[in-house]
Amino acid sequence: MPTSQDMTTELDPGLLDALQHQVAVFARRAEQTRLGGTGQLRNSMDRAAYLLLNRLDQEGPMGVKALAAGMGIDSSTVTRQVAPLVDSGLVKRTSHPEDGRAVVLQLSARGLARLEEVRSSRRQLMVEVTEGWTPDERASFCTLLTRFNTALSARQSAHAGQAGHAAAESPAASDDTAAAPSAHEGPGESVPAS
């Protein structure tokens, strides 16, 4: 089976250089503009809040651990990011329906309304940025970007798993030296910035 190095030499190095350059430019542009929408709602919600609210909307109420696992980040990061959302009334803590002792996070009605406002603004930004694109071009770009993000996420998870496995096998390793999960987005959410 060919290795990654073998595959790199078989592919067009110029194309790979152009691809990595465009990804770097995209990351910079995304961070500069924050891809936060248009009009008054431009940049009105940070990336972490948007991704958390979106996940709760799509998957329903869940505990911190499940939310962290689904997003590919650690529980302490989720706890820190959720706190201001709870304080502002966008997310509420409720009892787990099957285990009253457990707490789950749930999108509030206010949170859903706010999320819809931000989504609408971000949709408008996508309309403006892709003006002149055909519907097929938008769909193809979305499919390829999703595939790219999924591959990046899988690679990140594999490397984190290898680092954790290597640390666990090392006699000198301790729990605090094992690789911690990244504080970035999980599968399907790893767009560089929003």
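Computed from a prediction, not measured in an experiment: that's the story for all the values here.

Novice: Please clarify how the overall build of the protein should be interpreted in this entry.
Specialist: A tally of helices and strands in the protein yields seven helices and two strands. Within the span of the protein, comprising 194 residues, buried residues form 25% of the whole. Within the protein, residue pairs in contact and separated by at least 24 positions form 58% of the contacts whose partners lie at least 6 positions apart. A total accessible area of about 12,500 Å² is found for the protein, and carbon and sulfur atoms account for 57% of it.

Novice: Any chance you could explain the pattern of salt bridges here in plain terms?
Specialist: Note on pairing: side chains with opposite charge can pair once their charged atoms come close. With the rule as written, the count across this model stands at five salt bridges. A salt bridge links Glu59 to Arg55; the shortest N-O distance between them is 2.8 Å. One end of the pair, Glu59, and the other, Arg55, are both in helix α3 (residues 47-59), four residues apart, so they sit about a helical turn from each other. A residue is classified by how much of its surface remains accessible, and Arg55, at 8% relative accessible area, is buried. Overlapping salt bridges, with partners in common, bring together Asp57, Glu116, Arg119 and Arg123 in one network.

Novice: Can you help me understand α3 in this one?
Specialist: In an α-helix, one full turn covers 3.6 residues, which means residues spaced three or four apart are oriented alike. Look at α3: 18 Å from first C-alpha to last across 13 residues, which is about the 18 Å you get at 1.5 Å a residue. Among the residues of α3, those classed as buried are Ala49, Tyr50, Leu51, Leu52, Leu53, Asn54, Arg55 and Leu56. As for α3, its buried residues are in contact with α4 (64-71), α5 (75-87), β1 (91-95), β2 (103-107) and α6 (109-129). Its side-chain oxygen 3.2 Å from the backbone nitrogen of Ala48, Asp46 forms the N-cap of α3. Note on α3: the residue one or two positions beyond its end, Gly60, has a positive phi of about 85°.

Novice: In this structure, what is going on with a nonpolar patch on the surface? I would like to understand it.
Specialist: Taken together, the side chains of Leu19, Val23, Phe148 and Leu152 define a hydrophobic patch exposed on the protein surface, amounting to about 300 Å² of accessible area. At the level of elements, α2 (13-33) and α7 (135-169) are the ones that each hand at least two residues to the nonpolar patch. Its location among the elements puts Phe148 in helix α7. What makes Phe148 partly exposed here is its relative accessible area of 33%.

Novice: Got a minute to help me understand the environment of Pro97 in this structure?
Specialist: Looking at the secondary structure, you find Pro97 in the loop between β1 and β2. C-alpha separation for the pair Pro97 and Pro61, spaced 36 residues apart in sequence, amounts to 9.8 Å.

Novice: What's the story with α5 in this structure? I'm lost.
Specialist: Its 13 residues give α5 an end-to-end C-alpha distance of 18 Å, which sits within 8% of 18 Å, the value for a rise of 1.5 Å per residue. Along α5, the largest kink reaches about 25° and is centred on Gln81; proline Pro84 follows within four residues of it. Turning to α5, its buried residues number three or more, namely Thr77, Val78, Val82, Leu85 and Val86. The first or second residue beyond α5 is Gly89, which carries a positive phi of 85°.

Novice: What is the right way to look at the packing of α3 against α5 in this model?
Specialist: Angle between the axes and distance between the axes are the two parameters that describe a pair of packed helices. One can describe the packing of α3 onto α5 by two numbers: an axis separation of 10 Å at closest approach and a directional angle of 90°. Taken as axis vectors, α3 and α5 run roughly perpendicular relative to one another. Contact residues: Ala48, Ala49, Leu52 and Leu53 in α3; Val78, Gln81, Val82 and Leu85 in α5. In terms of residue class, the contact of α3 with α5 is built from seven nonpolar, one polar and no charged.

Novice: What am I meant to see in the packing of α3 against α6 here?
Specialist: Running from N to C, α3 and α6 point in directions that differ by 115°, and their axes come no closer than 10 Å. In this view, α3 runs roughly perpendicular relative to α6, as classed from their interaxial angle. As for the relative orientation of α3 and α6, their crossing is left-handed in sense. Facing α3, whose interface residues are Tyr50, Leu53, Asn54 and Asp57, α6 presents Leu112, Leu115, Val118, Arg119 and Arg122. For the contact of α3 with α6, the per-class residue count stands at five nonpolar, one polar and three charged.

Quick notes on the rules
Residues numbered from 1 in each chain as written. Predicted model: local features only at pLDDT ≥ 70, side-chain atom pairs only at ≥ 80, totals over all residues. Heavy atoms only, no water. Helix = DSSP H or I, 4+ residues; strand = E, 2+ residues; numbered from the N terminus. Buried < 20%, exposed > 50% of the residue type's maximum accessible area, 1.4 Å probe, protein only. Contact = heavy atoms within 4.5 Å. Areas by Shrake-Rupley, 256 points an atom, 1.4 Å probe, with all protein chains shown as cover. Salt bridge = Lys/Arg side-chain N within 4 Å of Asp/Glu carboxyl O. Expected span 1.5 Å × (residues − 1). Polar contact = N/O pair within 3.5 Å; in protein donor to acceptor, adjacent residues only side chain to side chain. Patch = residues over 30% accessible without salt bridge, like charges linked within 9 Å, V, L, I, M, F, W, Y side chains within 5 Å. Bend = angle between axes of the 7 residues up to and from the residue. Axes fitted to C-alpha atoms, helices over the stretch in contact; angles between N-to-C directions. Parallel < 35°, antiparallel > 145°, perpendicular 65-115°, else oblique. Nonpolar A, V, L, I, M, F, W, Y, C, P; charged D, E, K, R; others polar. Left-handed = near helix turned anticlockwise from the far one by under 90°.

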